[in-house]
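Close look at the chain arrangement
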Amino acid sequence: MFAKSTKTQNVFGPSLTWLAGKLGAWVWMQWDELRHAAAVIGTVLCVCIQPRHWGRAARKAFALQILSIGIEPLWFVGAVAVFVGISVVMQLTFWTGEAGQSQLLGPLLVTVVARELGPVLINLIVIVRSGSAMTTELGVLKINGEVSALEAQGGDPFLQLVVPRVLGTAVSTFCLTIVFILVTFASGYLFAAWTGQGSRDLLLFVDTVSRAVQPKDVLNIFAKSIAPALFASASCCIGGLGVGRSVTEIPHATQRALTRSVAGLFVISTVVSLLTYL
């Protein structure tokens, strides 16, 4: 029996050691990438408040990011908001009325749509739509030598490539979140009023929702919109500029950047909710 026990330990010992080593290496790699993203975000926030860093090239790149991320997808975001308003807001209006708990409509709408659904959905749209494009674009610039050429000409790749993209993504995501919330509320109210499932008094609906909004809700919406967008854009910039000399590295870098961005979105949203409401 002693020999059998020793043999079992010899079989599982190396496997457990290998698994622990792999797990430790993965945790350390994630921690290193998190520190790198935090350093990029911190540097961007410090640089953006200094006017001397906002040259013509940086301002133009920032405007292009706002146009690409914040304005071009407005129709798509509006369409998604209409479907969410019809499916979520109308149902909450109907069921709170059926249950005789109409006073809960405002808090439920703020909690479900404004605090949780809006920021998460918009960040997902921005990550899927713009994150992959950002990583691929920077990867192509790196492989083609345009980043090195920019440095040779005396330009700063961080100021001209990273700062506008990170800030443009954060500002666009916040603005799209506000648009999404407003369109969702409006479409849900209109559809409920049209079908006769809710009150047709617009002022009553607006008063019900506005009374449910508290200062911590505003802080929550702001943090859940800005923080994940900063992390996602920083991760995509790191992934794009971190490729080597082969084009085949770009898909892998894009996949890793998107995975980190989506994981960071849910982790940051959870942490913000815990810090705000617990």
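Residues numbered from 1 in each chain as written. Predicted model: local features only at pLDDT ≥ 70, side-chain atom pairs only at ≥ 80, totals over all residues. Heavy atoms only, no water.

Another point: the layout of surface pockets. Of the volumes computed, that of the second largest pocket is approximately 370 Å³. For the second largest pocket, the lining is made up of 20 residues, of which Gln65, Glu137, Leu141, Leu161 and Arg165 are closest to its centre. Listing elements by their share of the lining of the second largest pocket, those giving two or more residues are α2 (56-71), α4 (105-143), α5 (146-152) and α6 (157-195). With seven residues, α2 is the single largest residue contributor to the lining of the second largest pocket. Class assignment of the residues belonging to the lining of the second largest pocket gives a composition of eleven nonpolar, five polar and four charged. (1 Å grid on protein atoms, 1.4 Å probe; cavity = no way out; pocket = protein on both sides within 12 Å on 5 of 7 lines; lining within 4 Å. Points joined across faces, edges and corners; volume = space filled by probe spheres on them. Helix = DSSP H or I, 4+ residues; strand = E, 2+ residues; numbered from the N terminus. Nonpolar A, V, L, I, M, F, W, Y, C, P; charged D, E, K, R; others polar.)

Next up on the list: the packing of aromatic side chains. Taken as a whole and judged by the stated rule, the model has two aromatic pairs. Relative to phenylalanine 222, the ring of phenylalanine 174 has its centre 5.5 Å away and its plane inclined at 70°; by these criteria the two rings are edge-to-face. On the criterion of sequence distance, the pair formed by phenylalanine 174 in helix α6 and phenylalanine 222 in helix α8 (residues 215-241) is long-range, its members being 48 residues apart. Residue class for phenylalanine 174 comes out partly exposed when judged on its relative accessible area of 26%. (Phe/Tyr/Trp six-rings, centres within 6.5 Å; stacked < 30°, edge-to-face > 60°. Buried < 20%, exposed > 50% of the residue type's maximum accessible area, 1.4 Å probe, protein only.)

What follows is about the nonpolar core. Ranked by size, the top nonpolar core spans 51 residues in total, and within it Val44, Leu109, Ile122, Phe180, Phe185 and Phe205 carry the most contacts. Only α1 (2-48), α3 (74-98), α4, α5, α6, α7 (202-212), α8 and α9 (249-277) provide two or more residues apiece to this core. With 13 residues, the single largest contributor to this core is α6. Once residues within four sequence positions are removed from consideration, phenylalanine 185 is found in contact with Val89, Leu109, Val113, Phe205 and Val209. (Core = buried A, V, L, I, M, F, W, Y, C linked by side-chain atoms within 4.5 Å. Contact = heavy atoms within 4.5 Å.)

This paragraph deals with empty space enclosed by the protein. Counted under the stated rule, the structure contains two cavities of 30 Å³ or more. Its volume calculated, the largest cavity comes out at about 50 Å³. Lining the largest cavity are Val126, Ile127, Ser130, Gly131, Met134, Thr169, Ala232, Ser233 and Cys236. Counting only elements with at least two residues in the lining of the largest cavity, the list comes to α4 and α8. With five residues, α4 is the largest single contributor of residues to the lining of the largest cavity. Across the lining of the largest cavity, the residue classes tally to five nonpolar, four polar and no charged. Computed from the structure, the second largest cavity encloses a volume of approximately 30 Å³. As for the second largest cavity, its lining consists of Ile69, Pro73, Val77, Ile125, Val126, Arg129, Ser130 and Leu176. The element best represented in the lining of the second largest cavity is α4, accounting for four residues. Classifying every residue of the lining of the second largest cavity by side-chain character gives six nonpolar, one polar and one charged.

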